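# Structural features, examined
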Amino acid sequence: MFKAFARRAVLAAAISAVALGTMGFQSNDGQDRRVRIINVTGVTMTHFYASNSGEDDWQEDILGRDVLANGASVTINIDDGSGACIYDFKARFADGDELEKYRINVCQITEYRYTAG
């Protein structure tokens, strides 16, 4: 029981570090690029990518070794230091499905919900 609790605490701390944008990037324009990602698909999200729409490839998996279970959410600072507000999102799920959404204005939204169907 204690091991499970400790593992969840470490997982929460790791997600928080990513979510709070401790990767060293931050734009100086005063725009808030934190977005709450909500998974209500019925399937665990295994990977999440948010790449500046001006880029040609997906950046690193923001979840890393963590996953986002169905019904869970995480707040992520999408800021890559470029000053961009328009990003593309890609989510990969445990069942093999991938969902891509393009040209999301992270300076205007505060949450993005992945739903079934």
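The structure reproduced in this document is the subject of the present report. (Residues numbered from 1 in each chain as written. Predicted model: local features only at pLDDT ≥ 70, side-chain atom pairs only at ≥ 80, totals over all residues. Heavy atoms only, no water.)

The next thing to look at is the packing of aromatic side chains. Under the definition given, this model contains seven aromatic pairs. Ring centres 6.1 Å apart and planes at 65° place the aromatic pair Phe-93 and Tyr-114 in the edge-to-face group. Within this pair, whereas Phe-93 is found in strand β4 (residues 86-93), its partner Tyr-114 is found in strand β6 (residues 111-115), the two being separated by 21 residues in sequence. A relative accessible area of 5% places Phe-93 in the buried class. Tyr-114 sits in the buried class, given a relative accessible area of 3%. With centroids separated by 5.0 Å and ring planes inclined at 70°, the aromatic side chains of Tyr-112 and Tyr-114 adopt a geometry described as edge-to-face. (Phe/Tyr/Trp six-rings, centres within 6.5 Å; stacked < 30°, edge-to-face > 60°. Helix = DSSP H or I, 4+ residues; strand = E, 2+ residues; numbered from the N terminus. Buried < 20%, exposed > 50% of the residue type's maximum accessible area, 1.4 Å probe, protein only.)

Moving on, we come to the side chain of Asp-79. In this fold, Asp-79 is placed in the loop between β3 (73-77) and β4. In terms of polar contacts, Asp-79 uses its side chain to reach the backbone amide nitrogen of Gly-81, at 2.8 Å. (Polar contact = N/O pair within 3.5 Å; in protein donor to acceptor, adjacent residues only side chain to side chain.)

Soluble, globular proteins show a tendency: their nonpolar side chains are buried together. Residues Ile-37, Met-45, Phe-48, Ile-78, Phe-89 and Tyr-114 are the most contacted members of the largest nonpolar core, which totals 20 residues. Elements supplying a minimum of two residues to this core: β1 (34-40), β2 (45-52), β3, β4 and β6. When sequence neighbours within four positions are dropped, the list of residues in contact with Ile-78 reads Arg-33, Val-35, Phe-48, Ala-50, Tyr-87, Phe-89 and Val-106. (Core = buried A, V, L, I, M, F, W, Y, C linked by side-chain atoms within 4.5 Å. Contact = heavy atoms within 4.5 Å.)

Taking the C-alpha atoms as reference, Tyr-114 lies 8.7 Å from Ala-91; in sequence the two are 23 residues apart. Ignoring anything within four residues of it in the chain, the contact list for Tyr-114 reads Ile-37, Ile-38, Asn-39, Val-40, Thr-41, Met-45, Phe-48, Phe-89, Lys-90, Ala-91, Phe-93 and Leu-99.

Before going further, it helps to spend a moment on the environment of Lys-90. With respect to the helices and strands, Lys-90 occurs in strand β4. Taking relative accessible area as the criterion, Lys-90 reaches 10% and is therefore assigned buried. For Lys-90 and Asp-61, which are 29 residues apart along the polypeptide, the C-alpha to C-alpha distance reads 9.3 Å. Beyond its immediate stretch of four places on either side in the chain, Lys-90 contacts His-47, Phe-48, Tyr-49, Trp-58, Glu-98, Leu-99, Glu-100 and Tyr-114.

Next up on the list: the sheet that holds β3. A sheet is described by the order of its strands in space; here three strands give the open sequence β3-β1-β6, paired in mixed fashion. Where the open sheet ends on each side, the last strands, each with one partner, are β3 and β6. Strand after strand, the sheet turns through a mean of 20° between neighbouring axes, direction not considered. With five bridges joining them, β1 and β6 adopt parallel strand pairing. Across the sheet, Val-40 pairs through a bridge with Thr-115, a residue of β6. (Pairing = 2+ DSSP bridges. Axes fitted to C-alpha atoms, helices over the stretch in contact; angles between N-to-C directions.)

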